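Architecture at a glance
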Amino acid sequence: LLYTIKFEDVGGPMGSPLTVQLAEIRVAEVEDLALSTSPDPPNSYCHFVDDGLGSFRNRQHADSYLNFINSLTDDLTFTLEHPSPDGTIPFLDVLIHPDKS
């Protein structure tokens, strides 16, 4: 199952190019830490700007990973978007359909 992981950033002036770059660095740092230290990481994971896409075994696995990544830092809050009943999920303005073959 694919899940979209989003984050909320704290601090920095809105619209500043430096703020955007620093936020990207911080998110990548936390995601790298989570992927390398999680006792049960996602099967695959990719990130672009403020969206991450992970492949998890089931909803419980996704929720468990979300709790883990949020426990690593107080300055970012990651949220989870569950796929629709047909398994599709939006990511970067594209609707992703699961391969059922």
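Read on for a plain summary of the structure. (Residues numbered from 1 in each chain as written. Predicted model: local features only at pLDDT ≥ 70, side-chain atom pairs only at ≥ 80, totals over all residues. Heavy atoms only, no water.)

There is a patch of nonpolar side chains on the surface, built from Leu18, Leu22 and Ile25 and spanning about 320 Å² of accessible area. On the secondary structure map, Leu18 appears in helix α1 (residues 17–37). (Patch = residues over 30% accessible without salt bridge, like charges linked within 9 Å, V, L, I, M, F, W, Y side chains within 5 Å. Areas by Shrake-Rupley, 256 points an atom, 1.4 Å probe, with all protein chains shown as cover. Salt bridge = Lys/Arg side-chain N within 4 Å of Asp/Glu carboxyl O. Helix = DSSP H or I, 4+ residues; strand = E, 2+ residues; numbered from the N terminus.)

Looking at soluble globular proteins, one finds that nonpolar side chains tend to be buried together. Formed by Val27, Val30, Ala34, Phe56, Ala62, Tyr65, Leu66, Phe68, Ile69, Leu76, Phe78 and Leu80, the largest nonpolar core amounts to twelve residues. At five residues, the largest contribution of residues to this core is made by helix α2 (residues 59–71). (Core = buried A, V, L, I, M, F, W, Y, C linked by side-chain atoms within 4.5 Å. Buried < 20%, exposed > 50% of the residue type's maximum accessible area, 1.4 Å probe, protein only.)

So, about the packing of α1 against α2. Any two packed helices are characterised by how steeply their axes cross, that is the angle between the axes, and by the distance between the axes. Packing of α1 against α2 leaves a shortest axis separation of 10 Å and a crossing angle of 125°. On the basis of the axis angle, α1 is oblique to α2. Judged by the twist between their axes, the crossing of α1 over α2 is right-handed. Residue-level contacts link Val30, Glu31, Ala34, Leu35 and Thr37 of α1 to Tyr65, Phe68 and Ile69 of α2. Here the contact of α1 with α2 is composed, by residue class, of six nonpolar, one polar and one charged. (Axes fitted to C-alpha atoms, helices over the stretch in contact; angles between N-to-C directions. Parallel < 35°, antiparallel > 145°, perpendicular 65-115°, else oblique. Left-handed = near helix turned anticlockwise from the far one by under 90°. Contact = heavy atoms within 4.5 Å. Nonpolar A, V, L, I, M, F, W, Y, C, P; charged D, E, K, R; others polar.)

In this fold, Val27 is placed in helix α1. What makes Val27 buried here is its relative accessible area of 0%. Separated by 22 residues in sequence, Val27 and Val49 have C-alpha atoms that sit 9.0 Å apart.

Right, let's talk about the side chain of Thr73 for a bit. When you line up the elements, Thr73 lands in the loop between α2 and β4 (76–81). Taking relative accessible area as the criterion, Thr73 reaches 8% and is therefore assigned buried. Apart from the residues lying within four places of it in its own chain, the contact partners of Thr73 are Arg26 and Val30.

The end-to-end C-alpha distance of α2 is 18 Å, a good match for the 18 Å that 13 residues give at a rise of 1.5 Å each. Buried residues of α2: His61, Ala62, Tyr65, Leu66, Phe68 and Ile69, and no others. Mapping the buried residues of α2 onto a view down its axis gives an arc of 165°, with all of them on the same face. Residues of α2 that are exposed and angled more than 90 degrees away from the buried face: Gln60, Asn67 and Ser71. (Expected span 1.5 Å × (residues − 1). Arc of directions from axis to C-beta.)

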